[in-house]
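Inside the fold
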Amino acid sequence: MATLKTLVYLILYPGLLFIFFYSTFAEWYDRKLYARFQNRMGPTHTGRAGVLQPIADFIKLMSKEDIVPERADRGLFRALPAFGLAIVSVGMLLLPLWNYNLASSSPISFSGDIVVLLYLLSLPTFIFFLAGWSSTNLFSTVGATRVLTMLFGYEVPLFLTVLTPAILANSWRLAEIAAFYRQQPLLALLNLPAFIIALICVQAKLERTPFDIPHAETEIVGGTFTEYSGKKLALFRLMMDVELVVASGLLATVFLGGFPGGLLPGLINFIIKTLLVISLLSLLRATTSRIRVDQVIALSWRYLAPLAVLQLVVIILVKGLI
Amino acid sequence: MSFEIPIGPQHPALKEPVGIRVTVDGEIIREADLRLGYNHRGVEKLAEQKTWTQNIYLMERICGICSHSHATCYVQGVEKLMEIEPPKRGLYIRILVSELERVHSHLLWLGVAGHEAGFDSFFMYVWRDREIVMDILETISGNRVHYGINAIGGVRRDLDEMQIKHILDSLEVLRQRSAYYEKLGTTEPSFVARLAGVGYLSKEEAISLCAVGPTLRASGVPMDVRKDDPYAVYGEVPFEVCTAETCDVLGRTVVRIKELMQSYNIIEFLLKNLPAGPIAVRAPRRAKPNEVVSRYEAPRGENIHYIKSNGSDKPERVKVRAPTLANYAATIKMLKNGFIADVPLIFAAIDPCICCAERSVAIVDARTEQEKIVTMSSLRELSLKMTKHQARKREAEWPL
Amino acid sequence: MNDQALIDKINEGLKDKVVVITNPAPRRIFFKVTTDNLLAAVSWLKHELGITHLSTISGLDLGQSFELLYHFANNCCALTLRTEIPREQPVLPSICEIIPGAILYERELQDMFGITVQNIPDSRPLLLPDGWPAGNYPLRKDWKYERPPEVIPGGKS
């Protein structure tokens, strides 16, 4: 029975199938919302209101010609998309969705899993860097250096703000943090500044406007993905969708009280809360213009990091009081 | 480590082909070089082989955005050569179209600037409202891009009361929207962060490099052909020359938005004071030997045509200098010591119109010996030979 | 400053360097100098009259000679300075020292008329493609356009 459950967990829910369908749905939601913010229609053609459009795009890209540049590091160039997709999909398994027990730890929910998840979310950045660097294209190289430069900006504030609620909840386990804030919703309000900073940092991590600097189309063409095509590009795009879902799931767990209630209510909770986070990210994307890479660093270290530290201090003081 | 990055001839930031090669040191540009000629069509040479009237339509096709600018500039010069005076109403309609064109061109630029800065929402909104002015142009001339409204000696289409009312109504919407974009474009923090201080061009440099149009005016030089050399009816239309002192891309944005507002005022004035009468006079077929310098303030700056006639029905020489060419020298200056990220913005800020800037002669020659040279007729022969013994489709029979 | 005042000033300042000066239309002045006096005239215009805006340089093929028209402008007048060089020896001094913005127009002249501009800071072709056959100057009147043979890129003959 346990084996069956594990298999279901890995393959059906929240494993590969669910990841695939939900992340494409999230992409559709993001695209549609972004389009409506811009007074456009967004996808309309495939499926009801275009909901199948990301899947159609995926299939189309999979069937396109796949070119590996002659001077690229072939092995690395080929392995990276699959590797990246695998990393973010593992991140999805760590979200406390179902099949965990608050009382005892298990391989998918243990003390310290928040750190593992943050680590898994950091790796895609290096994947992007390697992808850009190994394709030896000039635009990719510039994109790759931009990826790393940005990493030094947003990573520290993101870690600080995501760990702030953990400190208040006195736990390093995602399921316990979520449970803590479900019991004391008022304390979750204290984390509001941290939530806003974390949203901005997640936006930067996902490389969306205003932080779409590594693949700024009008400056360096495709950026890190200039040389990628066909199947590899499809996998990379799917990877970014999954990353969007995992990152918004992480924010929903830590700041919005997680996904209680077992299989079905947990699923509904998950959908509502992640879509809420994605809506906020879409709004941010629609209302800003792309900034320069030096401005990202300035923004992070001048505003985001000090504010995150301030928030941490406040939380530690509050923790002393209660 | 410094290396050279090619921007163009094909690049997402460029809507038309031009080659910019930037030598970068990390993210900072040390050297920039322009390579022109990808859009070279031989208009000047061709113009010597066409009649005066045919050339109006040729000049209109120099550019897809400021098409009316070139046609008007040319027509004004030819009218001087032929010594005819177009009627007042014709001139009013001609200038009305040219101001509407300025509105549509500046709105287009504003959207492109938003897109180059990665502010796609701004782009979508501005271009939606640009449709209003495109519709107005369509009601006046019947066309959206090449209006074909100029004729030697006047214009080709008249305005009626309904059209005037439609334009005035639409103008109100445009005014409101432009005021909103002025607020958005100059206060949205991330957008302003991208524009302010970028592409600095001091007043002295702008003058010495012979920049024109909004690029020059944003450096604080109030130079506008409409004011300095009032052609057509600009002598009697009240308007101001808009300048900015910031010398950067933000200044160029502000100048363009202010000019939009001025253009709305001019359009309103023209429509309210539209004189009655004919719209065109008959033009002779030939012009006496003479020469003329015709200047016109296009949306991008000063447009100048030098036309020389030799007594026949064809011009001896038509020299076209579009505003973009005049701004290239300044662009190189602005690009140096900037960021790669600013290349599209700085380049877009002069509102480049590459097809205007490169007109003269076009020839694509055989590149290398390896390439096979084929004439159209030999291709046709080849295809006939290849298909000769094949059954034609409808005669084909099912083999079973 | 009206046209007549400007003409008087030019006559006074450049004296016998001016070959002929005309005022065919309001705000339009054409005057001619010899090629030797070109640099002196341009620098006089810039420094004494404050006319710094060069609109463009037009070239004209007159058969036996080339005529160059330097279109200047200030806020009241469009001033055209013309000079003539012989076809056999088409050499012209560069004015980029005085007016840096002239570089593109001078390069265009080199391309289109085969005029050698002396001391030009950058003498690469501006508009014509790489591998353009030498000695072909498209805007000369005796140059005829011939449709090039069509080419299949990469095809083998």
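Quick note: structure is the one above.
Residues numbered from 1 in each chain as written. Chains lettered and ligands numbered in written order. Predicted model: local features only at pLDDT ≥ 70, side-chain atom pairs only at ≥ 80, totals over all residues. Heavy atoms only, no water.

What follows covers the overall build of chain B. Looking only at helices and strands, chain B features 15 helices and nine strands. Of all 400 residues assigned to chain B, the portion counted as buried reaches 62%. Here the analysis covers contacts within chain B between residues at least 6 apart in sequence; of these, 71% occur between residues at least 24 apart. (Helix = DSSP H or I, 4+ residues; strand = E, 2+ residues; numbered from the N terminus. Buried < 20%, exposed > 50% of the residue type's maximum accessible area, 1.4 Å probe, protein only. Contact = heavy atoms within 4.5 Å.)

What follows is about the pairing of strand 1 (residues 18-25) of chain C. Residue and element names in this part refer to chain C. With five bridges connecting them, strand 1 and strand 2 (residues 28-33) associate as antiparallel partners. Bridging from a neighbouring strand, Val-18 pairs with Val-33 of strand 2. Connecting the antiparallel pair strand 1 and strand 2 is a turn made up of two residues, with Arg-27 showing a positive phi of about 65°. (Pairing = 2+ DSSP bridges.)

This next bit is on the interface of chain B and chain C. Think of interface size as the accessible area that goes away when the parts come together; that is how it is often given. In this complex, chain B contributes 51 residues to the contact, which on the side of chain C involves 58 residues. Regarding the contact of chain B and chain C, the summed buried area is about 4,600 Å², with carbon and sulfur atoms giving 55% of it. We note a salt bridge from Glu-108 of chain C to Lys-319 of chain B, for which the minimum N-O separation is 3.4 Å. Linking chain B with chain C are 19 residue pairs in polar contact (both at pLDDT 80 or more). Breaking the side of chain B that touches chain C down by element, the ones donating at least two residues are strand 3 (28-35), helix 1 (43-47), helix 8 (203-208), strand 6 (290-298), strand 7 (301-309), strand 8 (315-321), helix 12 (323-335) and strand 9 (372-374) of chain B. For the side of chain B that touches chain C, the residue count by class is 23 nonpolar, six polar and 22 charged. (Buried area = accessible area lost by both parts, 1.4 Å probe. Salt bridge = Lys/Arg side-chain N within 4 Å of Asp/Glu carboxyl O. Polar contact = N/O pair within 3.5 Å; in protein donor to acceptor, adjacent residues only side chain to side chain. Nonpolar A, V, L, I, M, F, W, Y, C, P; charged D, E, K, R; others polar.)

Turning next to the interface of chain B and chain A. Contact residues are listed per partner, giving 30 residues for chain B and 25 residues for chain A. Both faces considered, chain B and chain A share a buried interface measuring about 2,400 Å² in area, 58% of it formed by carbon and sulfur atoms. Applying the counting rule to chain B against chain A returns one salt bridge. Among the ionic pairs, Arg-292 of chain A bridges to Asp-342 of chain B, the shortest N-O distance being 3.3 Å. Applying the counting criterion to the chain B and chain A interface returns nine residue pairs in polar contact (both at pLDDT 80 or more). Listed by contribution, the elements that provide at least two residues to the side of chain B that touches chain A are strand 1 (2-7), helix 4 (88-116), helix 5 (120-141) and helix 7 (189-195) of chain B.

What follows deals with the pattern of salt bridges. Residue and element names in this part refer to chain B. In the structure shown here, the tally under the stated rule is 51 salt bridges over all chains. Measuring nitrogen to oxygen at the nearest pair gives 3.9 Å for the salt bridge that ties Glu-60 to Arg-61. On the basis of relative accessible area, Glu-60 is assigned to the buried category, the value being 2%. With relative accessibility at 43%, the residue Arg-61 sits in the partly exposed group. Glu-302 is the partner of Arg-321 in a salt bridge, and the nearest nitrogen-oxygen pair spans 2.8 Å. A residue pair is termed long-range when its members are at least 10 positions apart, and Arg-321 in strand 8 and Glu-302 in strand 7 qualify at 19 residues. Like Glu-302, Arg-321 is buried.

Further remarks concern the arrangement of the chains. Most contacts, among the two pairs of chains that meet, fall between chains B and C. For the non-touching pair chain A and chain C, the nearest C-alpha separation works out to 20 Å.

Here the focus is the environment of Glu-259 of chain B. All names here are of chain B. Of note, Glu-259 is situated in helix 11 (residues 249-272). For the pair formed by Glu-259 and Thr-243, sequence separation is 16 residues and the distance between their alpha carbons is 9.2 Å. In this structure the side chain of Glu-259 is engaged in a polar contact, spanning 2.8 Å, whose partner is the side chain of His-106.

Attention shifts here to the environment of Asp-142 of chain C. Residues and elements named next belong to chain C. Within the secondary structure layout, Asp-142 lies in the loop between strand 7 (116-118) and strand 8 (150-152). Residues Asp-142 and Gly-63, spaced 79 residues apart in sequence, show a C-alpha to C-alpha distance of 8.7 Å. Asp-142 has contacts with Asp-61 and Arg-87, leaving out every residue within four places of it along the chain. Separated by 3.0 Å, the side chains of Asp-142 and Arg-87 make a polar contact.

All names here are of chain A. Taken N-terminus to C-terminus, the directions of helix 3 (residues 53-62) and helix 11 (residues 230-256) make an angle of 150°; their axes are 7 Å apart at the nearest point. What the angle tells us is that helix 3 and helix 11 run roughly antiparallel. Across the interface between the two elements, Asp-57, Phe-58, Leu-61 and Met-62 of helix 3 pack against Gly-230, Lys-231, Leu-233, Ala-234, Leu-235, Arg-237 and Leu-238 of helix 11. For the contact of helix 3 with helix 11, the per-class residue count stands at seven nonpolar, one polar and three charged. (Axes fitted to C-alpha atoms, helices over the stretch in contact; angles between N-to-C directions. Parallel < 35°, antiparallel > 145°, perpendicular 65-115°, else oblique.)

Side chains of nonpolar character tend, in soluble globular proteins, to be buried together. If you look at the biggest cluster of nonpolar residues, it comprises 141 residues, and the most contacted ones within it are Tyr-328 of chain B together with Leu-54, Tyr-70, Phe-72 and Leu-81 of chain C. Among the elements that line this core, the one with the most residues is helix 4 of chain B, at 12 residues. For Phe-72 of chain C, the contacting residues outside a window of four places in its chain are Val-42, Leu-45, Ile-51, His-53, Leu-54, Ser-55, Cys-77, Ala-78, Leu-79, Leu-81 and Ile-99 of chain C. By size, the runner-up hydrophobic cluster in this structure holds 94 residues, among which are Tyr-154, Ala-169, Ala-252 and Phe-255 of chain A. (Core = buried A, V, L, I, M, F, W, Y, C linked by side-chain atoms within 4.5 Å.)

In this section: the pairing of strand 2 (residues 19-25) of chain B. Residue and element names in this part refer to chain B. Sheet analysis places strand 1 next to strand 2, joined by six bridges and oriented antiparallel. By the bridge assignment for strand 2, Phe-3 is matched with Val-24. Looking at chain direction, strand 2 and strand 3 are connected through seven bridges and run antiparallel. If you follow Ile-20 over to strand 3, its bridge partner there is Leu-34.

All right, on to the packing of helix 3 (residues 67-82) of chain B against helix 4 of chain B then. Residue and element names in this part refer to chain B. Between helix 3 and helix 4, the shortest axis-to-axis distance is 9 Å and the interhelical angle comes to 150°. Put simply, helix 3 runs roughly antiparallel to helix 4. In this structure, helix 3 meets helix 4 at a crossing whose hand is left-handed. The residues of helix 4 that touch helix 3, namely those facing Ser-67, His-68, Ser-69, Thr-72, Val-75, Gln-76 and Glu-79, are Arg-94, Val-97, Ser-98 and Glu-101. (Left-handed = near helix turned anticlockwise from the far one by under 90°.)

A few words now on unusual backbone geometry. Here Thr-209 of chain A and Pro-210 of chain A are connected by a cis peptide whose omega angle stands at 5°. On the secondary structure map, Pro-210 of chain A appears in the loop between helix 9 (192-205) and helix 10 (217-220). The backbone of Glu-83 of chain B sits at a positive phi, close to 55°, despite the residue not being glycine. Looking at the element boundaries, Glu-83 of chain B is found in the loop between helix 3 and helix 4. For Asn-337 of chain B, which is not glycine, the phi dihedral falls at a positive 65°. Positionally, Asn-337 of chain B belongs in the loop between helix 12 and helix 13 (343-349). Residue Asn-337 of chain B is classed as exposed on the basis of its relative accessible area of 55%.

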